[in-house]
Structures are given as structure tokens and as C-alpha cells.
Amino acid sequence: MATNLEDKKISKNFIELIVEEELAAGKNGQRIHTRFPPEPNGYLHIGHAKAICLDFGIAENYQGKCNLRFDDTNPTKEDVEFVDSIKEDIHWLGYDWEGREFYASDYFGKLYDFAVELIQRDLAYVDDQNSEAIASQKGTPTEAGTFSPYRQRTVAENLDLFQRMNAGEFAEGSRVLRAKIEMSSSNMHMRDPIIYRIIFTPHHRTGTTWKVYPMYDFAHGQSDYFEGITHSLCTLEFVPHRELYDWFVNQLKTDDYAPRQIEFNRLNLTYTVMSKRKLLQLVQTGVVDSWWDPRMPTLSGLRRRGYTPESIRNFVDKIGYTKYLALNDISLLESSIREHLNQIATRVMAVLNPLKVVITNYPEGQSEELDTPNNPEAPETGNRMIPFSREIFIEKDDFMENPPKGYFRLFPGGEVRLKSAYVISCHDFKKNAETGEIEEIYCTYDPETKSGSGGIQKKVKGTLHWVSAPHAFKAEVRLYDRLFMDENPDGHKDKDFTEFLNPDSLKIMPNCMLEPSLKTADLSQKFQFTRLGYFCLDSMYSTTESLVFNRVVGLKDSWTKQQKG
RNA sequence: UGUUCGAUGGUGUAAUGGUAGCACUGCAGAUUUUGGUUCUGCCUGUCUAGGUUCGAAUCCUAGUCGGACAACCA
């Protein structure tokens, strides 16, 4: 059968192979239906993007459907705030659920009825013990559990009690409903799992209608079943839940159809943490400014940082789906965004650490407009004019009084080309006698070397970026580095992940000088600051009066690497 | 001393019994008005031991190592 996959890539992941086998066998009438089931208790991160791409991607590639279903079975943790951000992030990534927006809470009635049915079939009972007592009877992975003293209650008594639990007659934690399965199962999840608990916190959608709420295991598979899901894709830690998932579905099903749970490896990235709890901790302790801080691996953070949805989808496609617990190198993510931004970013000039250069043979008060390409990788984007004058700024790093071997930039007696302008040579400089700091440098330019003029093709080693001092405007630029200094910050048993926080993950550069065209920059644009990296406007701190730019990622820099080397 | 899932270069991922390939990283070199891009080359791999087979990364057995599992979380 023809799939959209075939013209995209050659190799398929193990889930696609399963799907194709089932399709070939005619399972479920060759229907493919997945779901993305976030819990609305936090912001989506790039690990969720991996799941989203799989869930929606499988549907897309096999002419199927993918539902969005909020797994909102725990009102004490969930909130509408997160529902909206989750929907926004999925759309931003480029996926759509075509109106099939569901909630586990949509099924509270059906789930309650199913629980009642299980009680009637003597497959569920009300347990009056507290959580400690229940836990102690659970046994351990190597020892069987023991029966609850309430396991043999009559159907009538269970029915009455469960109804009264939901009526609010009993305190939170005083009673639970348990499935009656097998206390000696080698799978802990099968040892009479709790399926309903009493919660009085109002639910974000159903308010105070319910006093009992289903547990994940009692809601997820059944919700899949109600929605006609064929493939319920989740992460590896749910492998032991599958037996229970199937058990409930088998009690529920009336024909051949049953959803199938398949587990894949979650995303781990070097130099970052991915758990919602830890990300929340970073927000609450003020390490970052919000869930959408540009250093966060959240989709909102990556978006603010300047990552494109294309680059994230591309990255996810490259790391693949397996059952191996992998730790993916962050450099692969960085290469994905560089690859995309290299194609689409407008090349502009910005100087982060300005050093004034006076071109002593350029007439005072004169200026001119020079032609420069917007993006050499995309010639169709055309050219624009940039102003040039007697005084310009270059990067402090681009001048050295005593340069080391292999330094291609400016030094006394040396010459360089100014990008899209002229070749200049340095004949003098001013140095602060006390601090030793270079304050100003003096150069002459060669009018014959104007870029694109067809004049003298002088060969110089280096080309520098620059801005015209009287035309440039000041802006703030924020440079980001990885949040953690350890490759696997939460992979140490004896050390807390916060011990590895990088104190230099944010560097604010308040006095950058930018070329005038950047004054009208907007949030939709991506830039390459020539020779520096990729940048975009910051959506939180930028105002029309004072612009703030974020560095998405630096350019590859073999010079710095060589120096440190 | 349980159950269960897994193991292919530094990292991630292909090869579905028939030439171990790709991407990232790293290292060289070429090109370049970005020390970017692009191009070329190089480095490095089937956890171990048996077995099945003409042939094993792939199948079988045992071992080693790693993960998950004892929330009224999802």
C-alpha cells in the first residue's frame, strides 16, 4: 500500500513496521487512529514533541486520524492554563487534530458505569484501608501481595459504598475502589490496582459533579477504546501497565476491535533536564524567568529562543524511535536549527562588543550606501543598502595589538576587508594607559576595493562585520548557553541536578550596535548576525523603543575552538 | 534473590538470515568578501561465550551490563 512515508525516507521505525504489518493483515478494517494524550499540568517540552510527531505523524502517513485528548483525571494537579498552551504548541509544531479535542473527563460518566459493572461482576471492591495499609499488602516485586480484608464484600455492599463515595459521604483518602484481579501476579500493577479515589478539589471542566475520579490506568485504555483508537503510543515506563491496559479493554470490548498500546523510548537530551517537576522547580526558584525562558527545553522556550518548528520536527525525525534508553546529543538539535536558519535567515550586521574605528582618509561628514545580499543561500531574497561612513564599529575581538599566529583579523599594520565595503588597513590605535584597553583604532581605506565595484581584487585573509557609527542604533542582545554544565545533570544518584547549573547560561550584552534595518525587525523574522550566529527578537523583553535580541545558536566557530584547543 | 524491556563507532539510528550504512560530533584538506555555508577525505562499531546455518548484528541458549516495576501521579 502506498504511504506518504515512502517518498520521505527509506528506513522505518519499529512502530511503523508494526502498523504496516497490521494494515497488511487487514486489522481494524485497515483503520489507523492514534491520539496525543497530554496531562494539562504543565507546559509541553521537546520530549512531548517527539510523541506528537509520532502520534500525528503515523496518522498522517497512513491516512489515519489523530485525536487530541487531555488526560485530566486528577483535578488537584490540572488546570485550564495548560490546556491553551498545549494546543498552541501543537499547532505551532504544525499539527492539527481537526476538531477532535477530547478530555478523559468527557468519559467520567461512562467510566463510572463501567466501574459499577465491574462491581456487579464481582471484579471490583471498595477498600476502606488507608494508602499505607494497601501499600503494605501489595508485596514487593519479589514477594506476592496479600488480600485486603475488604476483598470479599458483597456486590450490594460495594455498590452502595461506591455510590456513597461519589456522593461525598466519605472523606478523601478514606476509601478507594479496587479492581479484583490477582494479588500474587508478578506484575505489581495487577495486584488489585486502585481504580477510583475520592477527591473534593473541583475539576477544571466538570466542577464538583464528581467526588470520585478514575486513576490513569482505569481511564486511559478505556478512553482509547471509546474513541476507537487503534494504536496507543506511549513511553517505555508504561510497559508494565500494558497488561492492565489490556485487562480492562478485554472486560469492555464486545468484538474484535481493541486498541493496542506500543511503547517507545522517551527523549533525553544532554545538558538538560526533561521532567516537568524539575522544569517547574527551575521556574519556581527563579533560575529561569518562566516556563518559556529561552533556555528551557519547553516548546514555548524553544520558540522564544528562535527555534523553528521545522527544525524541531527535523531533529525528532533524525533521533528516531526505538526501545533503547538513549541520551541524545544536544549538538544534533543545534545542527538542525543551524541547517534551517542557514536557509532562511537574513544576514545582517551587528556588533556585540563595539570598538570604534576611524577611517582617517574618508571625508568627514560623508556617507554612502552599499549593496549587500540579504541571504547568499537564497538569492531570490535580493539585496539591500547599508550605510557606510568615516566612523564605524567593529567587534573588540576583531582587533589585537599583538596577534597570535593564524589571526586573520585586524592588527597594527594589517589589513582586512569590511564585509560588503572596503579593504582597510590599520596604522594606529589608542590605548588606555591605565587599563590597557584598546579604545579606538585608526585605519585608512582603499576606495578602489569597494565590494562589487569590479575594482582592485585585493586578497586579504579576513573579512569583518561592522556597522556605521552614526547610523547604528543601540540594542540589547542576550547570549544563551546550556543551562547545565554536566552532560546528564539528573543522572547522578548522589548529586542534585541543581548542583550542575551553569552560572553563565545567560549573558546580557546591553550596548550592542546594530545596523539600521534591524529597527523594523519583527517577531516573525530570523536573522544571522554576520559571523556571530542566528538571532531573533525576544518576545518578552523587546519593546518598540528598545529592542532585545536572543541568540538562537552561534555559528560554528573553528577559530575559537582552535584557540582553546 | 522476582518480573520485564533493552544492548551496533564518541552520540543517535539503519541493515528485517546474504557487502555493517546514514546523521551528528571530532580531525584533515579544498572553496569562500561570514574562521559560516558548500565539497572531499579520515578516525572509530555489532556486549561476551556457545549453538543453528553454506552464511548470523539479525535466530536459539547461557552469561554480562543497563533501564523499568512496590504513587489514592500520569
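What you see is a predicted model; the values in this text were computed from it and never measured.

Q: Report on the sheet that holds strand β3 (residues 101-103), specifying residues and quantitative values.
A: Within the open sheet, the three strands sit side by side as β1-β2-β3. Their pairing is parallel. Strands at the two margins of the open sheet, each flanked by one partner only, are β1 (33-36) and β3. Recorded for the sheet is a direction-independent mean angle of 35° between the axes of neighbouring strands. Note: β1 against strand β2 (residues 65-70), four bridges, orientation parallel. Bridging from a neighbouring strand, His 33 pairs with Lys 65 of β2.

Q: Go over the packing of aromatic side chains, please, and point to the residues and values.
A: Across all of its chains, the model carries 30 aromatic pairs by this definition. Each ring, one from Tyr 43 and one from Phe 82, has its centre 5.6 Å from the other, and the planes form 90°; the classification is edge-to-face. In this pair, Tyr 43 sits in the loop between β1 and α2 (46-61) while Phe 82 sits in helix α3 (residues 80-93), placing the two residues 39 residues apart along the sequence. You'll find Tyr 43 and Phe 82 in the same group, each marked buried. Feature note: the residues Phe 108, Tyr 112, Phe 114, Phe 162, Tyr 196, Trp 210, Tyr 213, Phe 218, Trp 247 and Phe 248 constitute an aromatic cluster, connected by ring pairs. The ring of Tyr 103 carries the charged tip of Arg 205 above its face, separated from the ring centre by 3.5 Å.

Q: For the protein's contact with RNA strand B, give the residues involved together with the corresponding values.
A: Neighbouring residues of RNA strand B: 69 residues in total, closest Leu 17, Ser 451, Gln 528, Arg 531 and Lys 561. Atoms of RNA strand B within 4 Å of the protein: sugar and phosphate make up 64%, bases the balance. Within the side chain of Ser 451, a nitrogen or oxygen atom sits 2.2 Å from a base nitrogen of RNA strand B. For the surface near RNA strand B, the elements supplying multiple residues, two or more each, are β6 (194-198), α11 (309-319), α12 (330-344) and α13 (558-564).

Analysis parameters
- Residues numbered from 1 in each chain as written.
- Chains lettered and ligands numbered in written order.
- Predicted model: local features only at pLDDT ≥ 70, side-chain atom pairs only at ≥ 80, totals over all residues.
- Heavy atoms only, no water.
- Pairing = 2+ DSSP bridges.
- Helix = DSSP H or I, 4+ residues; strand = E, 2+ residues; numbered from the N terminus.
- Axes fitted to C-alpha atoms, helices over the stretch in contact; angles between N-to-C directions.
- Phe/Tyr/Trp six-rings, centres within 6.5 Å; stacked < 30°, edge-to-face > 60°.
- Buried < 20%, exposed > 50% of the residue type's maximum accessible area, 1.4 Å probe, protein only.
- Lys NZ or Arg CZ within 6 Å of the ring centre and 35° of its normal.
- Near = heavy atom within 4 Å.
- Polar contact = N/O pair within 3.5 Å; in protein donor to acceptor, adjacent residues only side chain to side chain.

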